[in-house]
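Listed below are the residues making up each chain.
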Amino acid sequence: MKRVVITGMGIVSPVGTGIEYAWKNIIAGVSGVRKIDTFDVSESATQIAGLPVVGTEPGQYNPDSVVDARDQRKMDKSIVYGIVAADEAIRDAKLDTYDGDKTRIGVSVGAGIGGLNTIYDNCVELYTGGPRRISPFFIPKAIINMTAGHISIRYGFQGPNISVVTACATGAHSIGEAARLIQHGDADIMICGGTEGAVGKIGVAGFNAMKALSTRNDAPERASRPWDKDRDGFIMAEGAGILVLEEYEHARARGAKIYAEVAGYGLSGDAYHITAPAPGGAGGKRAMAAALNDAGLTPSDVDYINAHGTSTGLGDVGELTAVRELFVGNDHVCMSSTKSMTGHLLGAAGAVEAIFCALAIRDGVVPPTINLENPIEEVGDFNLVPNVAQTRDVNVAVSNSFGFGGTNASLVLKKVA
């Protein structure tokens, strides 16, 4: 089977735009959760979210530097996030100057919800002004596969072009499916990951109706607190994570920088409930086991797990239970949730967190779980990297992503010698 490696990465996130800026803040334990200022939240139970900081300073989100302002009006913000992150990843991999066969470069970028705010805005226009008020760009702005479409068109990538939609597991599934396309010879290079821009009136109201979101409005930076007894729900967030995957020998032949190898991919279904995880995290455990089997590794080989870790009651306990059962006997493994800093980027989360795993492997440091001040009893002596990053060799990392509908994905990344 062909080997697949990561040769480029790009990110738009609440903790920074650009992988080095975001990573610096993640390692420092900086929260990107803040008061929502993009729409009126005065009547909302939740008034906070993880939002990229817009500006022209290094590390800030400046879409005008990548996408013409006129073109942005034809796109949902989730599409723009994806293009900005893809532009960084493509430049990072030096594909912006690549003169090889672009029919062998594909795109696999999805979203969990996609153009939700575009749909909401056009529904309001239809209700208040009638059909003539609907934009001709409404459908192309709203449909989820248009991020992949725009990336393909912008850079001339003519290989496989797909969009996975699996709620909060979308980013991880997009990476896993892209890796398999390379392994099976359908492409030499894949641009892959997830994007999301669903923080808006309808999105926040919808998750509030489910009692899923934190309402710790008076202390945004302390609101996302996985495995803490005082957690009260997750934090919606926006952004994108894009990776360039490449067949190993192809990457070596062109002298590409290699961050890590995508060594394993596992997926499963809970077949249990539309929103709640299966008891004991059984589905997630099967996905992790499948990913390790795909990688030809055992639980004892794993050094770090980036958890799905959303800061919800059932999810936190289920994942921790599954990890403790699967990795029993591994006394060096640790796990953390970077969602404690970024919030939950929904369909983009798995890709953003895979990027953090690759950087943990590169730098030999694992991110903290911030706000872990009063751990739930199930934690026991398990190392959840509380509040401060830890320096340690990371040869193998696992990234977990689970979604509504009982969909689970796990990725195994490993160091390339």
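Residues numbered from 1 in each chain as written. Predicted model: local features only at pLDDT ≥ 70, side-chain atom pairs only at ≥ 80, totals over all residues. Heavy atoms only, no water.

**Digging into the overall build of the protein chain**
When its secondary structure is counted, the protein chain shows 13 helices and 15 strands. Against the 2.2 N^0.38 benchmark of 22 Å for 417 residues, the protein chain shows a C-alpha radius of gyration of 20 Å, consistent with a compact globule. The principal-axis extents of the C-alpha atoms in the protein chain amount to approximately 65 × 55 × 45 Å. Within the span of the protein chain, comprising 417 residues, buried residues form 60% of the whole. Counted over contacts in the protein chain with a minimum sequence separation of 6, partners at least 24 positions apart contribute 78%. With an accessible surface of roughly 15,900 Å², the protein chain has 52% of that area assigned to carbon and sulfur atoms. A distance of 3 Å separates the average location of the 36 positive side-chain charges in the protein chain from that of its 46 negative side-chain charges. (Helix = DSSP H or I, 4+ residues; strand = E, 2+ residues; numbered from the N terminus. Rg over C-alpha atoms; globule rule 2.2 N^0.38 Å. Buried < 20%, exposed > 50% of the residue type's maximum accessible area, 1.4 Å probe, protein only. Contact = heavy atoms within 4.5 Å. Areas by Shrake-Rupley, 256 points an atom, 1.4 Å probe, with all protein chains shown as cover. Lys, Arg positive; Asp, Glu negative; His and termini not counted. Charge placed at Lys NZ, Arg CZ, Asp CG, Glu CD.)

**Section: the pairing of strand S14 (residues 396-403)**
Burial runs high along S14: 8 of the 8 residues are buried. A two-sided burial pattern is seen for S14, the buried positions comprising Val396, Val398, Asn400 and Phe402 on one face and Ala397, Ser399, Ser401 and Gly403 on the other. Here strand S10 (residues 304-306) runs beside S14; their pairing, made up of 3 bridges, is parallel. Looking across to S14, one finds that Tyr304 is bridged to Ala397. Here S14 pairs with strand S15 (residues 407-414) via 8 bridges, running antiparallel. Within S15, the residue paired with Ser401 across the bridge is Ala409. Counting the residues that bridge the hairpin from S14 to S15 gives 3 residues, and of these Gly405 lies at a positive phi of roughly 85 degrees. (Pairing = 2+ DSSP bridges.)

**What to know about unusual backbone geometry**
Trans peptide bonds make up most of the peptide bonds, and negative phi angles are found at most residues other than glycine. Unlike most non-glycine residues, Trp227 shows phi in positive territory, near 65 degrees. With respect to the element layout, Trp227 can be found in the loop between helix H8 (201-209) and strand S8 (239-247). In this structure Trp227 comes out as buried when scored by relative accessible area, which is 0%. The backbone of Asn371 shows a phi angle near 65 degrees, a positive value even though the residue is not glycine. Among the structural elements, Asn371 can be located in the loop between strand S12 (365-366) and strand S13 (390-391).

**Observations regarding helix H13 (residues 349-363)**
An α-helical turn contains 3.6 residues, so a residue and the one three or four places further along point in the same direction. With 15 residues, H13 extends 21 Å between its outermost C-alpha atoms, agreeing within 8% with the 21 Å of an ideal straight helix rising 1.5 Å per residue. Among the 15 residues of H13, 13 are classified as buried, and the element is accordingly described as predominantly covered. Looking one or two residues past H13, Gly364 carries a phi angle of roughly 65 degrees, positive in sign. (Expected span 1.5 Å × (residues − 1).)

**Notes on H8**
Every buried residue belonging to H8 is among Gly203, Val204, Phe207 and Asn208, and all of these are buried. Taken end-on, H8 shows its buried residues confined to a sector of 130 degrees, consistent with a single buried face. Where the residues of H8 are buried, they touch helix H4 (116-129). Just downstream of H8, Lys211 is the residue with a positive phi angle, here 60 degrees. (Arc of directions from axis to C-beta.)

**Notes on the packing of aromatic side chains**
This model, assessed by the stated rule, comprises 5 aromatic pairs. Between Tyr61 and Tyr81 the ring centres are 5.1 Å apart and the planes differ by 55 degrees, which places this aromatic pair in the tilted class. Taken together, the positions of Tyr61 in the loop between strand S4 (48-50) and helix H2 (69-72) and Tyr81 in helix H3 (residues 77-92) put the pair 20 residues apart, joining distant regions of the chain. With a centroid separation of 6.4 Å and an interplanar angle of 55 degrees, the aromatic rings of Phe207 and Phe404 are classed as tilted. Taken together, the residues span a long stretch of sequence, with Phe207 in helix H8 and Phe404 in the loop between S14 and S15 at a distance of 197 residues. (Phe/Tyr/Trp six-rings, centres within 6.5 Å; stacked < 30°, edge-to-face > 60°.)

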